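Secondary and tertiary structure notes
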Amino acid sequence: MSLTGTEYDPFSVAFQADPFPVYRWMQDQAPVFHSEKWGWWALSRYDDVRAAATDPDTFLSYEGIDIDDTAKDQSGPGFLPDLDNPRHDQVRRIVQPHFLPRRIAAQDPGIRRVVRDLIGSWPGRSEVDLAQELAWPMPNEVFFDVLGLPSAREEGREQLERWVHELKDRRPDDARLTPVAKAATAGIQDYFVRLLEERRRHPREDLVTRIVQADIDGVRFADEHLRPTSEALGLMMVLFLGGVESTAGLTGTLFKLLAENPDQRALLQRDPALIPAAIEETIRYATPLQLVGRTTAREVTLHGVTIPAGGRVVLVYGAANRDPRHFPDPDVYDVTRGRLRHLGFGAGRHGCPGAPLARREVTIAAEEALPVLGNYALAGAPVRHPTTPGMYVWSHLPLSVRA
Ligand code: HEM
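Below or above, wherever it landed, is the structure these notes cover. Throughout this description, residue numbers start from 1 for each chain and increase along the sequence as written. For a predicted model such as this one, the threshold for reporting local features is a pLDDT of at least 70, and the threshold for listing and counting side-chain atom pairs is 80 or more; totals across whole chains, interfaces and linings nevertheless cover every residue.

**Here we look at the nonpolar core**
A general trend in soluble globular proteins is that nonpolar side chains are found buried together. Core analysis: the largest hydrophobic core is formed by 76 residues, its most contacted members being Ala135, Leu196, Ile211, Ala232 and Met236. Helix and strand definitions follow DSSP, with helices as H or I runs of at least four residues and strands as E runs of at least two, each counted in order from the N terminus. No other element matches the 16 residues that helix α13 (residues 231-260) contributes to this core. Contacts here follow a simple rule: the backbone-placed C-beta atoms of the two residues must lie within 7 Å. Sequence-distant contacts of Ile211, that is, excluding residues within four places in its chain, are made with Ile94, Leu196, Phe221, Ala222, Ala232, Leu235 and Met236. Within the second largest apolar cluster, 29 residues are counted, among which are Phe59, Ile307, Val314 and Tyr317. Nonpolar core, as used here: buried Ala, Val, Leu, Ile, Met, Phe, Trp, Tyr and Cys residues forming one set through C-beta atoms within 7 Å. To sort residues by exposure, count the other C-beta atoms lying within 10 Å of each residue's C-beta; 20 or more gives buried, 12 or fewer gives exposed, and values between give partly exposed, all with C-beta atoms placed from the backbone.

Next comes the structure, spelled out in structure tokens:
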């Protein structure tokens with residue numbers, strides 16, 4: 001392959017259209033790839049990425065998991081993925097109990113109700129937009145409820161949903177957030193300040209209340225005078241971003257891949273018990289969050305390349321999940337692979353706490369929607385959602401229904 005090293009540019013639209021040949025080139029030719037343009041090093045082999053992800057005292061997070069210059073504008077203190085220890089574990093303990101498998105399992109009936117409601121009008125229709133009609137509204141509905149945000153019928157909900165869509169707004173080939181994204185960020189922060197204050201006065205059984213009431217070693221977690229720079233705001237922001245967008249992305253990608261691979265879809269339609277395995281394979285094959293950033297605490301030498309202390313490192317989860325050294329025939333989408341140790345939810349200290357919830361949402365969406373959609377096909381080109389580079393999320397996914 002005659003690719004040159006400078007072609008790994010996760011911000012370029014040309015790269016995003018098909019990153020996989022570049023990933024393979026990096027794995028084979030430059031496993032510690034140095035980007036002259038951006039100044040960071042990228043790891044793409046499965047073993048290297050897993051080792052770095054599970055060594056968070058060497059590969060630190062304080063400079064942020066997003067690798068562009070603007071992401072810090074949004075994250076602020078308390079943004080869990082950007083915290084190192086000891087603060088990380090202290091803050092994570094505040095939210096972790098809400099994501100225990102037992103608690104997530106209790107959400108099943110509610111999730112199924114949400115999904116059935118959303119797809120209720122589909123039978124008899126010839127076309128649906130899966131992104132707009134299921135992938136986005138499902139996690140909106142489910143996660144707003146977990147967090148304690150207004151339900152679909154309450155005031156303020158419409159504005160919040162608009163902000164969810166606008167938060168990561170970017171223009172093609174440009175790493176910077178647009179004024180639309182900045183305005184949405186300010187709007188949400190302001191809203192969260194008011195919401196936390198409201199729950200402080202009138203507690204409820206929700207995550208917002210837990211965040212505002214939590215203390216760490218006897219010290220209140222939420223500032224008395226909440227402001228956008230308070231830790232509690234950063235924590236709310238990551239939950240808001242993580243809880244909706246990546247789940248919407250995975251849901252859309254699953255239905256898209258099953259449209260493109262009708263033989264695999266037929267397997268699931270014949271045996272719905274395969275759906276959880278298909279979801280793991282989807283995360284492996286088209287990893288929703290393709291990359292995260294870290295910063296080295298000390299000099300690290302790997303494959304003959306030395307990364308200095310303080311070096312910025314990109315862990316390319318999307319490449320690791322397609323590494324032929326770990327997954328046989330990695331470019332084949334095969335829902336029968338069985339147990340997979342992919343890196344799509346990260347690993348170790350920063351591994352995704354929302355994974356059990358995301359898995360249940362997407363499983364239930366597939367169980368309910370696949371029988372209704374039948375032998376469906378793409379009815380037009382899927383439209384990518386403008387968001388963080390390296391995230392697979394869809395704004396539109398038109399499908400023709402063939403029950
Ligand atoms: C399909 C859906 C999802 C995907 C693909 C996904 C992916 C990820 C990944 C890869 C990480 C690790 C980041 C790193 O290595 O630094 C992560 C962390 C995180 N995710 Fe998710 N996520 C999803 C759903 C959710 C949901 C539903 C929530 C809601 C709570 C959530 C909240 C978080 C949080 C708070 C972290 C930071 C954890 C920490 O640093 O301790 N995610 N997610």
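Past the structure itself, the notes keep going.
**What to know about helix α3 (residues 46-53)**
In an α-helix there are 3.6 residues to a turn, and that puts residues three or four apart on one side. Taken together, the buried positions of α3 are occupied by Tyr46, Val49, Arg50, Ala52 and Ala53. The buried residues of α3 occupy an angular sector of 165° when projected down its axis, which confines them to one face. The inward-facing, buried residues of α3 contact β2 (41-43), β3 (59-60), β7 (292-296), β10 (312-315) and α16 (317-320). It is the directions from the helix axis to the C-beta atoms whose arc is reported.

**What to know about the pairing of β7**
Only strands joined by at least two bridges in the DSSP assignment are considered to pair. Sheet analysis places β3 next to β7, joined by two bridges and oriented antiparallel. Directly across from Leu60, in β7, lies its bridge partner Thr295.

**Describing the pairing of β10**
In this structure, β2 lies alongside β10, joined through three bridges in parallel fashion. Among the inter-strand pairings, Ala42 is bridged to a residue of β10, identified as Val314. Two elements, β7 and β10, share four bridges in a ladder whose sense is antiparallel. Looking at β10, one finds that Arg294 is bridged to Val313.

**A word on the sheet that holds strand β1 (residues 32-34)**
Taken in spatial order, the five strands make up an open sheet running β1-β2-β10-β7-β3, and their pairing is mixed. Two strands in the sheet have a free side with no partner beyond their single neighbour: β1 and β3.

**Structural notes on the site of the ligand**
Think of it this way: take the backbone, place a C-beta atom on it, and check whether that atom is within 6 Å of the molecule or strand, in which case the residue is near it. As a matter of local geometry, the ligand sits amid 25 residues, with Gly242, Ser246, Gly346, Cys352 and Gly354 nearest to it. Within the residue set of the shell around the ligand, elements represented by two or more residues are α13 and α17 (355-373). Looking at the shell around the ligand element by element, the count peaks at seven residues for α13. Lys, Arg, Asp and Glu make up the charged group, whereas Ala, Val, Leu, Ile, Met, Phe, Trp, Tyr, Cys and Pro make up the nonpolar group; the residues left over, Gly among them, are polar. Partitioning the shell around the ligand into residue classes produces 16 nonpolar, eight polar and one charged.

**Topic: the environment of Met237**
Tracing the chain through its elements places Met237 in helix α13. Judged by the 22 C-beta atoms lying within 10 Å of it, Met237 falls in the buried class. Between the C-alpha atom of Met237 and that of Thr336, which follows or precedes it by 99 residues, the distance is 36 Å.

**What about the environment of Pro288?**
Following the sequence through the fold, Pro288 ends up in the loop between α15 (275-285) and β7. The exposure class of Pro288 is buried, given the 24 C-beta atoms found within 10 Å. A C-alpha to C-alpha distance of 6.4 Å links Pro288 and Ser246, two positions 42 residues apart in sequence. For Pro288, the residues in contact, after removing those within four places along its chain, are Ser246, Gly249, Leu250, Thr253, Ile283, Gly344, Met391 and Tyr392.

**Brief notes about unusual backbone geometry**
Apart from glycine, the bulk of residues carry a negative phi angle, and the bulk of peptide bonds sit in the trans form. Following Asn85, the chain continues to Pro86 via a peptide bond in cis, the omega torsion being 10°. The phi dihedral of Asp217 falls on the positive side, at around 50°, and the residue is not glycine. Secondary-structure assignment places Asp217 in the loop between β5 (215-216) and β6 (219-220).

**Quick word on the packing of helix α7 (residues 108-119) against helix α9 (residues 137-147)**
Between two packed helices, what matters for the description is the angle formed by their axes and the separation of those axes. Axes, fitted as lines to C-alpha atoms, cover a helix only where it is in contact. Angles between the N-to-C directions of the axes lie from 0 to 180 degrees. Closest axis-to-axis distance for the α7/α9 pair is 10 Å, and the angle between their directions is 145°. Along this stretch, α7 crosses α9, giving a crossing that reads as right-handed. Across the interface between the two elements, Ile111, Val114, Val115 and Leu118 from α7 touch Pro137, Met138, Glu141 and Val142 from α9. Residues belonging to the contact of α7 with α9 are distributed by class as follows: seven nonpolar, no polar and one charged. In this scheme the handedness of a crossing depends on how the near helix is turned from the far one: anticlockwise by less than a right angle means left-handed, clockwise means right-handed.

**Section: the sheet that holds strand β14 (residues 398-400)**
The antiparallel open sheet is built from three strands, whose spatial order is β4-β14-β11. Edge strands, defined here as strands with exactly one partner in the open sheet, are β4 (127-129) and β11 (377-378). Sheet topology note: the β11/β14 ladder contains two bridges and is antiparallel. When the sheet's bridge partners are listed, Ala377 is paired in β14 with Ser400.

**So, the packing of α7 against α17**
Across the interface, α7 lies against α17 with an axial gap of 9 Å and an inter-helix angle of 40°. Comparing their axes, α17 and α7 come out oblique. The way α7 lies across α17 gives a crossing that is right-handed. Between α7 and α17, the contacting residues are Asp108, Ile111, Arg112, Val115, Arg116 and Ile119 on the first element and Arg360, Glu361, Ile364, Ala365, Glu368, Ala369 and Val372 on the second. In the contact of α7 with α17, the residues fall into seven nonpolar, no polar and six charged. An angle below 35 degrees is treated as roughly parallel, one above 145 as roughly antiparallel, one from 65 to 115 as roughly perpendicular, and anything else as oblique.

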